[in-house]
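One-letter residues, chain by chain:
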Amino acid sequence: VFPNPSDGEFLLKLKDNEDAKLEIFNVIGEKIMEMEIVSTETAFDLKRYSKGVYFAKLTTKKGNYVKKIIQK
């Protein structure tokens, strides 16, 4: 996920083109966004949310991955 930190626009790049699910959570654990990923590159926008720290959770057949992202 980059750029990180960002002004709210992020790009998720995957090595393989596989079905995946992206969920974004705020710092108190509330899910604020969910989307299906069907491409190696997917853009997502958090500008409508407050600046701060969020967590991006990617779920694939290979497992779950969590990355801290910062909107400045």
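See above for the structure.
Everything in this summary refers to the structure shown in the same document.

Scoring rules and cut-offs
- Every chain is numbered on its own, with residues counted from 1 as its sequence reads.
- Given that this is a predicted model, residues contribute local features only at a pLDDT of at least 70 and side-chain atom pairs are listed and counted only at 80 or more, while totals for whole chains, interfaces and linings are drawn from all residues.
- Water and hydrogen atoms play no part in the side-chain values, which are based on all heavy atoms of the structure.
- A run of DSSP states H or I qualifies as a helix once it reaches four residues; a run of E qualifies as a strand once it reaches two. Both are numbered from the N-terminal end.
- Being paired, for any two strands, means DSSP has found at least two bridges between them.
- The axes are straight lines fitted to the C-alpha atoms, using for helices just the contacting stretch, and the angles between their N-to-C directions are given from 0 to 180°.
- Three exposure classes are used, based on accessible area relative to the maximum for each residue type with a 1.4 Å probe and protein chains only: buried under 20%, partly exposed in between, and exposed over 50%.

### Overview of unusual backbone geometry
Move 1: Between Phe2 and Pro3 the backbone carries a cis peptide bond, its omega angle lying at -10 degrees.
Move 2: Within the secondary structure, Pro3 sits in the segment before strand E1 (9-13).
Move 3: Pro5 follows Asn4 through a cis peptide bond whose omega is 10 degrees.

### A word on the sheet that holds strand E5 (residues 52-60)
Move 1: The antiparallel open sheet is built from 4 strands, whose spatial order is E3-E2-E5-E6. Edge strands, defined here as strands with exactly one partner in the open sheet, are strand E3 (31-37) and strand E6 (63-71). Across the sheet, the mean angle separating the axes of adjacent strands is 20 degrees when strand polarity is ignored.

### Remarks on the pairing of strand E2 (residues 20-26)
Move 1: Here E2 lies mainly inside the structure; 5 of its 7 residues are buried.
Move 2: In the sheet, E2 pairs with E3 via 6 bridges, with the strands oriented antiparallel. Bridge pairing in E3 links Glu23 to Glu34.
Move 3: Adjacent in sequence and paired antiparallel, E2 and E3 are bridged by 4 residues, among which Gly29 carries a positive phi angle near 90 degrees.

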